[in-house]
Amino acid sequence: MAKERRRAVLELLQRPGNAHCADCGAPDPDWASYTLGVFICLSCSGIHRNIPQVSKVKSVRLDTWEEAQVEFMASHGNNAARATYESKVPSFYYRPTASDCQLLREQWIRAKYERQEFTRPEKQEPYSAGYREGFLWKRGRDNGQFLSRKFVLTEREGALKYFNRNDAKEPKAVMKIEHLNATFQPAKIGHPHGLQVTYLKDNSTRNIFVYHEDGKEMVDWFNALRAARFHYLQVAFPGASDADVSGAAVPLGVVLPSGGWCRGLTKGPPGPQSALPCPPRPREVTTGTLLDGARGRGAGLSRSLPQLVPKLSRNYLKEGYMEKTGPKQTEGFRKRWFTMDDRRLMYFKDPLDAFARGEVFIGSKESGYTVLDGLPPSTQGHHWPHGITIVTPERKFLLACETESEQRAWVEAFRKVVDRPMLPQEYAVEAHFKHKP
Ligand SMILES: [Zn+2]
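Residues numbered from 1 in each chain as written. Predicted model: local features only at pLDDT ≥ 70, side-chain atom pairs only at ≥ 80, totals over all residues. Heavy atoms only, no water.

This part covers helix α2 (residues 42-49). Along α2, the residues that are buried comprise Cys44, Ser45, Ile47 and His48. Looking straight down α2, one finds that the buried residues subtend no more than 155 degrees of arc, so they occupy a single side. Of the surrounding elements, those touching the buried residues of α2 are β1 (31-33), β2 (38-40), β3 (57-59) and α5 (102-114). (Buried < 20%, exposed > 50% of the residue type's maximum accessible area, 1.4 Å probe, protein only. Helix = DSSP H or I, 4+ residues; strand = E, 2+ residues; numbered from the N terminus. Arc of directions from axis to C-beta. Contact = heavy atoms within 4.5 Å.)

All of the protein donors around the zinc ion are Cys21 (SG), Cys24 (SG), Cys41 (SG) and Cys44 (SG); their distances to the metal are 2.3 Å. Linear spacing of the donor residues for the zinc ion on their chain is C-x2-C-x16-C-x2-C. In this pair, Cys21 is assigned in the loop between α1 (2-12) and β1 and Cys44 in helix α2, connecting sequence segments 23 residues apart. (Donors = N, O, S within 2.8 Å, 3.2 Å for Na, K, Ca; no water.)

Another point: α5. Between its first and last C-alpha, α5 extends 17 Å over 13 residues, near the 18 Å set by a 1.5 Å rise per residue. Counting buried positions along α5 gives 11 out of 13 residues, so the element sits mostly inside the fold. Along α5, the residues that are buried comprise Leu103, Leu104, Arg105, Glu106, Gln107, Trp108, Ile109, Arg110, Ala111, Lys112 and Tyr113. Summarising the contacts, the buried residues of α5 are in contact with β2, α2, α4 (78-85), β8 (181-184) and α8 (215-236). Gln116 sits one or two positions beyond α5 and adopts a positive phi of about 50 degrees. (Expected span 1.5 Å × (residues − 1).)

Here we come to the sheet that holds β3. What links the strands of a sheet is backbone hydrogen bonding, and the strands pair in either a parallel or an antiparallel sense. If you trace the three strands from one edge of the open sheet to the other, you get β2-β1-β3, paired in antiparallel fashion. Each edge of the open sheet is held by one strand with a lone partner, namely β2 and β3. Each strand axis lies, on average, 30 degrees off the axis of its neighbour in the sheet, ignoring direction. Looking at chain direction, β1 and β3 are connected through three bridges and run antiparallel. Paired with Trp31 across the strands is Ser59, a residue of β3. Relative to the sheet, α2 contacts β1, β2 and β3, its axis offset from that of β2 by approximately 120 degrees. (Pairing = 2+ DSSP bridges. Axes fitted to C-alpha atoms, helices over the stretch in contact; angles between N-to-C directions.)

Bringing the sheet that holds strand β10 (residues 204-211) into the picture now. The antiparallel open sheet is built from seven strands, whose spatial order is β7-β6-β5-β4-β10-β9-β8. Both edges of this open sheet fall to β7 (173-176) and β8, since each of them pairs with a single strand only. For this sheet, the mean inter-axis angle between neighbouring strands, taken without regard to orientation, is 35 degrees. Sitting on the sheet, α8 touches β4 (131-139), β5 (146-154), β6 (159-163), β8, β9 (195-201) and β10, and the angle it makes with β4 is about 120 degrees.

Read these as geometric descriptors, not functional statements.
Shown next as structure tokens:
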């Protein structure tokens, strides 16, 4: 009998919706929450285990199943649970995948089942109100110490600000929502809730690193930033096609005016976006269907919304150490931390530096950009054996990786952008990089 019941549960995995984890989308889940009626992956089952008041988990293959539990799973399942627990997910809300950090996956699961935020929209106020203020631990630029700082996000002003003192009238920094990006970087920052926020100051990329001890607070901040960008993009680019928005909305739109590795502190001309007006707040949009469209599962209700959603925040294509040499290629190679942010390759002396030492734009093959395995035969001075040559219309960039797998991963990241045709806006960005003073 026990065997038959287990076989019955296994057969349920074949039903529509049950072949992927209900929470992160990983294929072939073989765990289940028999109180929520969902099939989930091993990793998500570990998170469910921490909220026993709402979820109790079993292995589909290893545990024994009671008749009533099998029936419960049969009458529920992932599609039914999605219709209930995800019925009102705001379109800007970040839905994690299997490759996202533990914090994002845990808070998504808690938001869905424990706090039921997506069945009761009034619980979404912390990230959908258009205004948020609170304290975050912010890494000091010079000493690397985390200090408590007041942050204020206001959609009305189109900015995220932080203050060095509670009673300070003037913010220490004003980060425009239009240029903002946020990405969780727990390993790099050394805290499981570590968030990297990138913005532009004087046309150069700036990083700040923050965290909050409370996981919900941190993810609420993250989604509040996404909501602010979503509302900004909706207003700034009404009816924009995907191509229009992707070029104008990302920080790539403003660049440094020098050739090759643009120096991090070079001041450039004001970016074209700075003249854009601060948008009024549009009506809230809440639907699960749109997100399905954004994830490529079925059509969205509106043409533009699913196209905006992927622009709200970006993860980097790749990060890690490589060795580099200078433009004369006689300077000797130095180990630097590299970040590939869409078409922008930046390098830093330290991964947590506030700004890049240099940046280079990587265009498409049609525009004369190539990525090659290896280094020119005459190259000297590198310690790491696995070379990469990036050819741009101006010059060659010589890089070296410690391992072959790192080299392969970097080449793959570079080819991703080289093989993609450039958008009209990206030609303007490229022009800034090409223009040597
Ligand atoms: Zn999962």
